[in-house]
Amino acid sequence: MSACADNTRKVRTTTRTTAVLAGAALLAPLGLLAATGDAAAADSGVWDRIAKCESGGNWHINTGNGYYGGLQFSAGTWRAYGGTAYASTADKASKGAQIAIAAKVQNAQGWGAWPTCSARAGAYGSAPGSSGAGSAGASAATKPAPKSVSRKAPSSSASKAAPSKRSTAPAHASGHTNRDMSRGGHGDYTVRGGDTLSGIAARHATTWREIYAANRAVIGGDPDLIVPGQRLDL
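Now for a description of the structure that goes with this document.

Let's talk about the overall build of the protein
And step 1. When its secondary structure is counted, the protein shows eight helices and four strands.
And step 2. When the helices and strands of the protein are read in sequence order from the N terminus, they spell out α-α-β-β-α-α-α-α-β-α-α-β.
And step 3. Counting all 234 residues of the protein, 37% fall into the buried class.
And step 4. Taking all contacts inside the protein whose residues are at least 6 apart in sequence as the whole, residues at least 24 apart take part in 69%.
And step 5. For the protein, the accessible surface area stands at approximately 12300 Å², while carbon and sulfur atoms represent 57% of it.

Here we look at helix 8 (residues 208–219)
And step 1. The first and last C-alpha atoms of helix 8 sit only 12 Å apart over 12 residues, clearly below the 16 Å expected at 1.5 Å per residue.
And step 2. Inspection of helix 8 places Trp208, Arg209, Ile211, Tyr212, Asn215, Val218 and Ile219 among the buried residues, and these make up the whole buried set. Buried residues of helix 8, viewed axially, fall in a sector of 150°; they line one side. Exposed side chains of helix 8 directed beyond 90 degrees from the buried face belong to Ala213 and Ala217.
And step 3. In this structure, the buried side of helix 8 is in contact with helix 2 (46–55), helix 7 (197–203) and strand 4 (231–232).
And step 4. One or two residues past the end of helix 8 sits Gly220, with phi positive at roughly 100°.

Overview of unusual backbone geometry
And step 1. The backbone of Gln72 shows a phi angle near 55°, a positive value even though the residue is not glycine.
And step 2. Position of Gln72 among the secondary structure elements: in the loop between strand 1 (67–68) and strand 2 (73–74).
And step 3. A positive phi angle, near 55°, is found at Ala205, a position not held by glycine.
And step 4. Position of Ala205 among the secondary structure elements: in the loop between helix 7 and helix 8.
And step 5. Relative accessible area serves as the criterion here: at 57%, Ala205 is assigned to the exposed category.

A few points about the packing of aromatic side chains
And step 1. For the structure shown, the criterion picks out three aromatic pairs.
And step 2. Between Trp47 and Trp111, the ring centres sit 5.2 Å apart and the planes meet at 45°, which makes this aromatic pair tilted. In this pair, Trp47 sits in helix 2 while Trp111 sits in the loop between helix 4 (95–109) and helix 5 (115–120), placing the two residues 64 residues apart along the sequence.
And step 3. On the numbers, 5.3 Å between centres and 75° between planes, the contact of Trp47 with Trp114 is edge-to-face. Of this pair, Trp47 sits in helix 2 while Trp114 is found in the loop between helix 4 and helix 5, placing the two residues 67 residues apart along the sequence.
And step 4. When its relative accessible area of 1% is taken as the criterion, Trp47 is described as buried.
And step 5. Taken together, the ring pairs connect Trp47, Trp111 and Trp114 into an aromatic cluster.
And step 6. Between the NZ or CZ atom of Arg209 and the centre of the ring of Tyr67, over which it lies, the distance is 5.7 Å.

About the criteria used
Per chain, residues are indexed from 1 in the order of the written sequence. With pLDDT at 70 or above as the cut-off, local features in this predicted model cover only qualifying residues; side-chain atom pairs require 80 or more to be listed or tallied, and sums for whole chains, interfaces and linings still use all residues. Working from all heavy atoms in the structure, the side-chain values ignore hydrogens and water. Segments assigned H or I by DSSP are reported as helices when at least four residues long, segments assigned E as strands when at least two residues long, and all are numbered from the N terminus. Whether a residue is buried, partly exposed or exposed follows from its accessible area with a 1.4 Å probe, protein chains only, as a fraction of its type maximum: under 20%, in between, or over 50%, in that order. Should any heavy atoms of two residues lie within 4.5 Å, those residues are considered in contact. Only the protein chains shown count as cover for residues, and the accessible areas themselves come from Shrake-Rupley with a 1.4 Å probe. An expected span of 1.5 Å times one less than the residue number is assigned to each helix. Relevant arc is that of directions from the helix axis to the C-beta atoms, nothing else. Here a Phe, Tyr or Trp ring, Trp counted by its six-membered ring, pairs with any other such ring whose centre lies within 6.5 Å, and the pair is stacked when the planes are under 30 degrees apart, edge-to-face when over 60, and tilted otherwise. Either the NZ atom of lysine or the CZ atom of arginine qualifies as a charge over a ring when it sits within 6 Å of the ring centre and within 35 degrees of the ring normal.

None of this, on its own, says anything about what the molecule does.
Structure follows, in structure tokens:
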């Protein structure tokens, strides 16, 4: 074989090897992205946004409706996931402790434990924990989270998520005969254009469920639709 042919073979071999290495280098970052994508966690502010939706952002709220704290834990769920290591009910625990227990619930049940408010908060992936849960966190973390315990569902009359529809002007509410002004009520708050039950609740340190329960005769069967001029008991 001539020296020229031998050199040609060496050049081809070197070129092929270089191309293979270059391709591997290009694919490596893509593999890294794929590996890390599934492990993405929601941002650290997601719990504040969920609490804003659930309780108006009041981490120590207890309105007597059976749900406690910023993320509205039932007493059974709080106890089952180790919350009593911090306090007897969620409203008596710190914000950090409530987030620590919420992360356990989310790990077991997913964001569906807060179906509407987690969607509004843009929650995705795994739940961010809390670094400020306190010393009780270590003992609480040793207790396995029961997989069979789910967050207590609200009664059928309040099972809907926090109302998201803005109140509509009476001219646009003619199709909702169960919401007409004959059911205006005699409460101490008058509904204004743009109001929602969750917005009213946030301004008066309560929850939309409490307002709806006290005014169902005025509001009707759908808490998503309130009409300007209705008077609600707070």
